[in-house]
Amino acid sequence: MSYIIDGEKVTESFFWISLQGLASEPQTQRLLEGSHLDIGGVMYHIDGIE
């Protein structure tokens, strides 16, 4: 899997640290289901989820 913030691949740990305190549990679940998540104009996405 690839962890993407604003179109740039980042490490898994950086991805989750960046979301800490920003994403609610339902938003995190949507990410894990393959959705794109826009928080404050920053796009988060996990690529490679089926």
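Refer to the structure printed above.
Residues numbered from 1 in each chain as written. Predicted model: local features only at pLDDT ≥ 70, side-chain atom pairs only at ≥ 80, totals over all residues. Heavy atoms only, no water.

### As for the packing of aromatic side chains
(1) Moving on: Inspection of the entire model under this criterion finds four aromatic pairs.
(2) Moving on: Measuring from ring centre to ring centre gives 5.1 Å for phenylalanine 15 and tryptophan 16, while their planes differ by 90°; the resulting arrangement is edge-to-face.
(3) Moving on: The class of tryptophan 16 is partly exposed, set by a relative accessible area of 27%.
(4) Moving on: When the ring of phenylalanine 15 is compared with that of tyrosine 44, the centres are 5.9 Å apart and the planes differ by 75°; the resulting orientation is edge-to-face. Of this pair, phenylalanine 15 sits in helix H1 (residues 12–19) while tyrosine 44 sits in strand S4 (residues 42–47); the two residues are 29 residues apart in sequence, bridging distant segments of the chain.
(5) Moving on: Residue class for tyrosine 44 comes out buried when judged on its relative accessible area of 6%.
(6) Moving on: These aromatic residues form a ring-pair network of at least three members: Tyr3, Phe15, Trp16 and Tyr44. (Phe/Tyr/Trp six-rings, centres within 6.5 Å; stacked < 30°, edge-to-face > 60°. Buried < 20%, exposed > 50% of the residue type's maximum accessible area, 1.4 Å probe, protein only. Helix = DSSP H or I, 4+ residues; strand = E, 2+ residues; numbered from the N terminus.)

### Notes on the sheet that holds strand S2 (residues 8–10)
(1) Moving on: Pairing is antiparallel across the open sheet formed by four strands, whose spatial order is S2-S1-S4-S3. Because the sheet does not close on itself, it has two edges, and the strands there are S2 and strand S3 (37–39). Going from strand to strand, the sheet's axes swing by 30° on average, the running direction of each strand aside.
(2) Moving on: Relative to S2, strand S1 (residues 2–5) is paired through three bridges, and the arrangement is antiparallel. Bridge pairing in S2 links isoleucine 4 to lysine 9.
(3) Moving on: Taken strand by strand, H1 contacts S1, S2, S3 and S4, and its axis lies near 45° from that of S1. (Pairing = 2+ DSSP bridges. Axes fitted to C-alpha atoms, helices over the stretch in contact; angles between N-to-C directions. Contact = heavy atoms within 4.5 Å.)

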